[in-house]
Every structure is written in C-alpha cells, then in structure tokens.
Amino acid sequence: MPLVIHPAEIALIATIPWLVTPIVATLRMTRSTFLDDESADPPAEPVRVTVIVPARNESRNIAACVRSILESDYPNFELVVVNDHSDDETATIAREIASEDARLIVLENPDLPRGWFGKQWACQTGAAAASGEILIFMDADARASADLVVRSVNGMRRTGADFYSVLGRQEMVTFWEKLLQMQIFTVLMTRFGGTEIVNRATHATAKIANGQYLMVRRSVYDEFGGHALVRGYVAEDLMLAQRYFELGKKTVLVSGMSQLSTRMYTSLRELIGGWRKNLFAGGRHSMPFGARAAALAPLLIPLPFLMQLAPPIALVIAMILHSQALILWSAITTGFTLLTWFAYHRMAQVPVAYALLYPVGAGVALYIVVSAIVRGSRVEWKGREYDSVNPANA
C-alpha cells in the first residue's frame, strides 16, 4: 500500500526550520562570559594605557564620551581624541575639556590617504601619538563606566589575549531604534552566538569584535602595521578579529553590559544609513565557509528577515484562499515566531508590545539589506564615499 502523506502532515514538517532555529539560537546566545567576573581593583603595577577616540561630527556625543573615560578608576592612562575633519563643534568641545585635564590630548587627523576608511585613519593617527602598552579604541557614541578600563585590562591580562573586545549595552530610545536594533542584533547573535561560541571558534569567519571598544597590545598592533591591516574594510572591528586570529594571535570577546553602553543611531534615517553601510559590505566577510560562500551573501544575508516575513504574509494569503494546510503552517510558525520575539524583547528589557510589530521591523531591515546589496561595495558615511574590499578580491 503506497504511503500517503496528508497535507496537514507536510505543513507540520515544514514548520521545523521556524521552530528549531530560534531554540538553537537562544541556546548559543546564552554561552557567554562577563566582564563583571573580572576584578575591579587596578593591578599592583598598572601598565600604561592609551584610549583613542576617533571623532567626526560628534558634537552631540563627544563631551559625554570623554568625561566618562576621564572618570575611570584606572590609575595610568591617557586619552587621545582624533578630530577627523569635523565641520561641527567636536574639536572645540574636546579642547575645552582638555584645558581642564592634562590626560586628554586632542589631535587633528591628516588628510585621508587613498584606500583608507576615515575611522581607521583616525585610529592610526591616534596610535602614532600614543604612549600606552595597551591601546583601547572607543567610539565617540559610547559611554564607559568607571570600572570598564580596570576590568578589561585585568581580563586581557588574565586570558593572555592579544586582542580583546567588549560587547556593551545598546541604548534604544525611539520607536524605530527599539524596532530595528532588536532585529539586527538578534540576527547577529543568531549568526555568531554568545561570546564563548565566538572565542572557541576555529574559523576566522566565525570571529567578531565590537568596534565600540577594542583593545590590542601595542606590540601586536605595531607588528602588523596598525589599522593599515584593515584600512579598506567597512567593518574594521570584525576584520581585525579575523586578521589577528589568522595571524595566530589570541582574540577574546566578553560581555560588558554593565560597563559599556552605546546609542548608535537616533533616527530612522541614521538607522538606515548606518546599517546599509555595514550589513552587506561587512557581513559578506563572515559567511560560513569563508570566501567560497561569500558569493552567496546576497542570498544568505536577507534570509533571516525573509523567514520572519513569510509566515504572516502566508497566513493572510491562506485565509483568503481558504487553504487549510497553509493556514496550519503559517499559524504555527507565526505564533512561535511571535512568542520568540516576546522572549527576546523581555531579555533586552524592551517593551514586549514591540514584538507584535516584528513583521514591520523585519520588512524595514529587509529593505536596508536589499538596498545595501544593490550598492555592493560602495558605502557612504558622514559625507564620504568608499569602496569596501570585496572578499572575492581579498
């Protein structure tokens, strides 16, 4: 007697990817180590540390960032702010603070050389003036707790890391921040997992870092040419982690939600511009199986957002067509996806009501990805246009 599979059974089997993926992703996300576990007491003989902040048109952020660093409990550090041709009050604000605190140095970035991204060139400029044995690169929109530098230096020493990065808390204030940042960071966490998944990875494409707070031993930084190692890549943090790992250096990622916070973007326009810059041109360097799979990036990067949109769209179509099997599949997958988003929003301390709007967030994120794919290697940020390195040509 031939085996007959009922349409309802096919529908139930088809739900498996939508049920299994978030469960596996959640388990991977929980495998992390935390900066809270490192000592908050400065070392007996604290090495010299230089914190470098590249800043281009950061007048709304620079004062809070700089003051948070200067309030550090670490006893032996200097702070270098590199003004990258800002046309706002960034340099003026930084110099006013420098007049009150000799630990702060403000530099002007030289003209941008061909083939360099602005941020990398500003970091290179800051490093050239630094006196520290450990270099810390911190974004101007980030805020440091008083114990951040102490704990991270202790963590770097304890783990023997050459390159050490801290994941911070993402500040989400407006409607679109809460909707879109949750989408993007959940997809990133699904791809990379918690910090221990990243730290134990054996392939460079599974390595990642947080450019909002990067630490590197000065000897290692100088050995490989500083930021010249990643001068043409839009996602310099990810590429530094990958390059150092490939060069045999120890890279460590740790979660520091209590010590570091960042508000990356404040409006829908900034969210679209910022993530369009990074998601494709940078994301294609982290494809599983490396450069061989990079050609599939235009198909793989939109997939998480398409998977979210398919069930609710299919549910509407099924109800119109009165397709019982399709209704069964789409109702189960939509319901489970919604429950997953409720859990994620609760974990992130974002109002769970935003979970109801996950199809809107996924739709906007998909638009950002598609527009980035259309642009290819061309990225634009803060009035400059660049051509990011294509992994096929790296």
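To be clear, the structure that these remarks concern was listed above.
Keep in mind the model is a prediction, meaning the values are calculated, not measured.

The next thing to look at is empty space enclosed by the protein. With the rule as written, the count across this model stands at one cavity of 30 Å³ or more. In this structure, the largest cavity encloses a volume near 50 Å³. Forming the walls of the largest cavity are Phe163, Ser165, Val198, Asn199, Lys207, Ile208, Ala209, Ala241, Thr251, Val252 and Leu253. If you list the elements that add at least two residues to the lining of the largest cavity, you get strand E6 (163-167), helix H8 (195-199) and strand E9 (251-255). With three residues, the top contributor of residues to the lining of the largest cavity is E9. For the lining of the largest cavity, the class distribution of residues is seven nonpolar, three polar and one charged.

What follows deals with the environment of aspartate 84. When you line up the elements, aspartate 84 lands in the loop between strand E2 (77-83) and helix H4 (90-98). On the accessibility criterion, aspartate 84 (4% relative accessible area) is buried. Separated by 34 residues in the primary sequence, aspartate 84 and glycine 118 have C-alpha atoms spaced 7.3 Å apart. At a separation of 2.7 Å, a polar atom in the side chain of aspartate 84 contacts the side chain of arginine 384.

We now examine the packing of aromatic side chains. Counted according to the given criterion, the structure contains 12 aromatic pairs. Arranged with centres 5.1 Å apart and planes meeting at 90°, the rings of tryptophan 18 and tryptophan 329 form a pair that is edge-to-face. With tryptophan 18 in helix H2 (residues 16-29) and tryptophan 329 in helix H15 (residues 324-347), the pair connects residues that are 311 residues apart, well separated along the chain. The buried category is assigned to tryptophan 18, whose relative accessible area is 18%. Taking 5.0 Å as the distance between ring centres and 85° as the angle between the ring planes, the aromatic pair formed by phenylalanine 175 and tryptophan 176 counts as edge-to-face. The exposure class assigned to phenylalanine 175 is partly exposed, which follows from its relative accessible area of 35%. Assessed through its relative accessible area of 26%, tryptophan 176 is described here as partly exposed. An aromatic cluster is built from Phe185, Tyr265, Trp275 and Trp381, whose rings are joined through pairwise contacts. When the ring centre of phenylalanine 192 is taken as origin, the NZ or CZ atom of arginine 191, which lies over that ring, is 4.9 Å away.

The rules behind these values
- Each chain has its residues counted from 1, following the order in which its sequence is written.
- Confidence filtering applies because this is a predicted model: local features only for residues at pLDDT of at least 70, side-chain atom pairs given and counted only at 80 or more, and all residues used for totals across whole chains, interfaces and linings.
- Side-chain measures here rest on the full set of heavy atoms in the structure, leaving out hydrogens and waters.
- Computed over the protein atoms alone on a 1 Å grid, cavities are sets of points where a 1.4 Å probe fits but cannot get out and pockets are open sets with protein on both sides within 12 Å along at least five of seven lines; a residue lines them when it has an atom within 4 Å of a point.
- Grid points are joined across faces, edges and corners, and a volume is the space filled by probe spheres set on the points.
- Helix and strand labels come from DSSP, where a helix needs a run of H or I of at least four residues and a strand needs a run of E of at least two; each type is numbered from the N terminus.
- Any residue that is not Ala, Val, Leu, Ile, Met, Phe, Trp, Tyr, Cys, Pro, Asp, Glu, Lys or Arg is counted as polar, Gly included; the first ten are nonpolar and the last four charged.
- The buried label applies to any residue whose accessible area, calculated with a 1.4 Å probe on protein chains only, is under 20% of its type's maximum; exposed applies above 50%, and partly exposed to all values in between.
- Throughout this description, a polar contact denotes any pair of N or O atoms lying within 3.5 Å of each other; where both atoms belong to protein, one of them has to be capable of donating a hydrogen while the other can accept it, and for residues adjacent in sequence the pair is counted only when both atoms sit in side chains.
- Aromatic pairing here means that ring centres of Phe, Tyr or Trp (its six-membered ring) are within 6.5 Å. Orientation follows from the plane angle: under 30 degrees is stacked, over 60 is edge-to-face, and everything else is tilted.
- Placement of a charge over a ring requires the Lys NZ or Arg CZ to be within 6 Å of the ring centre, with the centre-to-atom vector within 35 degrees of the ring normal.

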